[in-house]
Amino acid sequence: MTDALTNEPPLLKWPEAGNSRVPYRAFADAEIHAAEQKRIFQGETWQILCLADEIPNPGDYKTTYAGETPVIVVRDENGDINAFENRCVHKGALVCLKDRGNAKTLTCVYHNWVYGLKGELISAAFAKGVNGRGGMPDDFNAKDHRMRPLRTTEHCGLVFGTFSETVMPLAEFIGPDILERVERVLNRPLRILGYHTQILNNNWKLYVENVKDTYHAGLLHLFFATFRLNRLASEGGVVVDPTGGNHASYSKRRTIHANAEYDESKLRASRDDYRLADPSLLESFDEFGDGINVQILSVFPNFILQQVENSIAVRQILPKGVGRTELNWTVLGFQDDDEKTTKMRLKQANLIGPAGYISMEDGAVGNFVQRGIPGALEETSIIEMGGRDHISDNTRTTEASVRGFWAAYRTHMGL
Ligand SMILES: [Fe+2]
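What counts as what
Residues numbered from 1 in each chain as written. Predicted model: local features only at pLDDT ≥ 70, side-chain atom pairs only at ≥ 80, totals over all residues. Heavy atoms only, no water. Helix = DSSP H or I, 4+ residues; strand = E, 2+ residues; numbered from the N terminus. Rg over C-alpha atoms; globule rule 2.2 N^0.38 Å. Buried < 20%, exposed > 50% of the residue type's maximum accessible area, 1.4 Å probe, protein only. Contact = heavy atoms within 4.5 Å. Areas by Shrake-Rupley, 256 points an atom, 1.4 Å probe, with all protein chains shown as cover. Lys, Arg positive; Asp, Glu negative; His and termini not counted. Charge placed at Lys NZ, Arg CZ, Asp CG, Glu CD. Pairing = 2+ DSSP bridges. Axes fitted to C-alpha atoms, helices over the stretch in contact; angles between N-to-C directions. Donors = N, O, S within 2.8 Å, 3.2 Å for Na, K, Ca; no water. Phe/Tyr/Trp six-rings, centres within 6.5 Å; stacked < 30°, edge-to-face > 60°. Lys NZ or Arg CZ within 6 Å of the ring centre and 35° of its normal. Salt bridge = Lys/Arg side-chain N within 4 Å of Asp/Glu carboxyl O. Arc of directions from axis to C-beta. Domains from an automatic or database assignment. Buried area = accessible area lost by both parts, 1.4 Å probe. Polar contact = N/O pair within 3.5 Å; in protein donor to acceptor, adjacent residues only side chain to side chain.

Things to note about the overall build of the protein chain
Scanning the protein chain for helices and strands turns up ten helices and 19 strands. Compactness check: the protein chain gives a C-alpha radius of gyration of 23 Å against a globular reference of 22 Å for 415 residues, within 12% of the reference. With the principal axes as the frame, the protein chain shows a C-alpha extent of 85 × 60 × 35 Å. With 415 residues in all, the protein chain has 55% of them scored as buried. A fraction of 66% describes how many contacts in the protein chain between residues 6 or more apart in sequence connect residues 24 or more apart. Accessible area of the protein chain: about 18,700 Å², with a carbon and sulfur share of 52%. Taken together, the 46 basic and 54 acidic charged side chains of the protein chain have centroids lying 4 Å from each other.

Re the sheet that holds strand 12 (residues 190-200)
An order of 12-18-17-16-15-14-13 is seen for the seven strands of this open sheet, with the pairing classed as antiparallel. The open sheet terminates on both sides in strands that have one partner only, identified here as strand 12 and strand 13 (236-240). Each neighbouring strand pair of the sheet contributes to a mean axis angle of 15 degrees, computed without reference to strand direction. Judged from the six bridges that link them, strand 15 (residues 292-299) and strand 16 (residues 303-308) form a sheet pairing that is antiparallel. Opposite Gln295, over in strand 16, you have Gln307 as the bridge partner. The sheet strands contacting helix 10 (residues 400-413) are strand 13 and strand 14 (247-252), and the helix crosses strand 13 at an angle near 10 degrees.

Some words on the coordination of the iron ion
Distances from the iron ion to its protein donors, His216 (NE2), His221 (NE2), Asp362 (OD) and Asp362 (OD), fall at 1.9 to 2.4 Å. Linear spacing of the donor residues for the iron ion on their chain is H-x4-H-x140-D. Judged by its relative accessible area of 14%, His216 falls in the buried class. Overall, His221 belongs to the buried group, its relative accessible area being 2%.

Examining the sheet that holds strand 3 (residues 60-66)
Pairing is antiparallel across the open sheet formed by seven strands, whose spatial order is 2-11-10-5-4-3-6. At either end of the open sheet lies a strand with only one pairing partner, and these are strand 2 (47-51) and strand 6 (100-102). In this sheet, neighbouring strand axes are inclined to one another by 30 degrees on average, regardless of whether the strands run parallel or antiparallel.

Some points on the packing of aromatic side chains
Geometrically, a pair of aromatic rings is defined through the distance of the ring centres and the angle of the planes. All chains considered together, the criterion is met by eleven aromatic pairs. Measuring from ring centre to ring centre gives 5.8 Å for Trp113 and Phe140, while their planes differ by 65 degrees; the resulting arrangement is edge-to-face. In this pair, Trp113 is assigned in the loop between strand 7 (106-107) and strand 8 (114-115) and Phe140 in the loop between strand 9 (121-123) and strand 10 (149-155), connecting sequence segments 27 residues apart. Residue classification places Phe140 among the partly exposed residues on the basis of a relative accessible area of 22%. Relative to Tyr409, the ring of Trp406 has its centre 5.0 Å away and its plane inclined at 75 degrees; by these criteria the two rings are edge-to-face. With a gap of three residues between them, Trp406 and Tyr409 both fall in helix 10, about one helical turn apart. Judged by its relative accessible area of 0%, Tyr409 falls in the buried class. Among the aromatic side chains, those forming a connected cluster through ring pairs are Trp14, Phe27, Phe41, Trp204, Phe300, Phe405, Trp406 and Tyr409. The lysine or arginine in question, Arg188, covers the ring of Phe334, its NZ or CZ lying 3.7 Å from the ring centre.

Here's the deal with the pattern of salt bridges
By the definition in use, this model includes 19 salt bridges. Residue Asp29 is joined to Arg25 by a salt bridge in which the shortest nitrogen-to-oxygen separation is 3.4 Å. The class of Asp29 is buried, set by a relative accessible area of 16%. Within the structure, one salt-bridge network assembled from shared partners comprises Arg188, Glu287, Asp336, Asp337 and Arg345.

A look at helix 9 (residues 362-372)
Turning to helix 9, its buried residues number three or more, namely Asp362, Gly366, Asn367 and Gln370. In a view along the axis of helix 9, the buried residues occupy a sector of 145 degrees, so they form one face of it. Residues of helix 9 that are exposed and point more than 90 degrees away from the buried face comprise Phe368, Arg371 and Gly372. Looking at the buried positions of helix 9, the neighbouring elements they touch are helix 4 (204-212) and helix 5 (217-220).

Considerations on the domain arrangement of the protein chain
Along its sequence, the protein chain is organised into domain 1 (47-154) and domain 2 (175-413). Of note, the centres of domain 1 and domain 2, computed from C-alpha atoms alone, are 36 Å apart. Taken together, the contact between domain 1 and domain 2 spans twelve residues of the former and 15 residues of the latter. Both sides together, the interface formed by domain 1 and domain 2 hides about 1,100 Å², and carbon and sulfur atoms give 58% of it. Where domain 1 meets domain 2, there are zero salt bridges. Between domain 1 and domain 2 we count five residue pairs in polar contact (both at pLDDT 80 or more) in total. Elements represented by at least two residues in the side of domain 1 that touches domain 2 include exactly strand 2 and strand 3. At four residues, the largest contribution of residues to the side of domain 1 that touches domain 2 is made by strand 2.

Structural data, given as structure tokens:
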């Protein structure tokens, strides 16, 4: 058997059982990790780069990553958003060292090579030499060089980028069922309320699995179940797009009632005698008029949109080596929020985030897996809850969207 893309031996022999079995090697292998950079992050995907509001004015820039490739996103003199690899064409140094700023030109500190806001090389220091000596050869022309561009596109205030010339338009890439759920949440002009960032000591795909895994929410997250925000018995489901890579899970809070499955099986989440000292933490309102109090959405490979009550955030998952991941959260409100609503959102922001009452465990559990698998790289996980396919379902007691991720992953990776 050979690799579908290179005709070389495959990086990984996928189990015949398909997407309900994932080899642990996928989370721990340097060669696979390197191939992901090429085939996924520099391949046929759109990746979240920033929010348009983060760079409102000409010259505003922000640095980020497409996978592990450093990227600059900048608004140019015409108001257009450009993105290009943050790498000087001369010797490969980062050109922008700051997280964000405003500039008329971008200059590499190493040898003062200067770039315009489209990433084009304007000049190289001492190109004509000094006192008639040295300098670049006569046929060196700055116009022949530029930082490698990404194409960008904006939707609902989100800026996505791609290195691909051929990937389908973003709306098509996300698909109508998931796109409509992006638009449901990001339905008016945004206001950025703040940021969290955290390092996860696990492979990036373990966090993607976690986000898509509706099975664990009421089990791992004691806060969710204890204070009755979300239990698997509440009305909800998962929507998985045909590629498998994009999903949205949703649930309705007001359908929750004490339920026998939790109590009888003596799950850790069965305590009903806990009460919050300050119940205002859980004050919320039905913002979108549909009763859905939790919607978690992902777009392959690394974009997450979260609505937990009125806590809205965009998450960007960035691999940092095989066993390390950076997770960036942008916490959002809307420009038409009054002060009371903003305060409510900020209070609810304590629920979700690196130290969130609900989601804190997600920052740890990927590392539990990473530490569990070193002796079992030829073994696989079992992902059979709710069946073996990856189609939408009106239950969250399913791992359909996790299997969907692996379906898309295998397509992109040629596995
Ligand atoms: Fe979780």
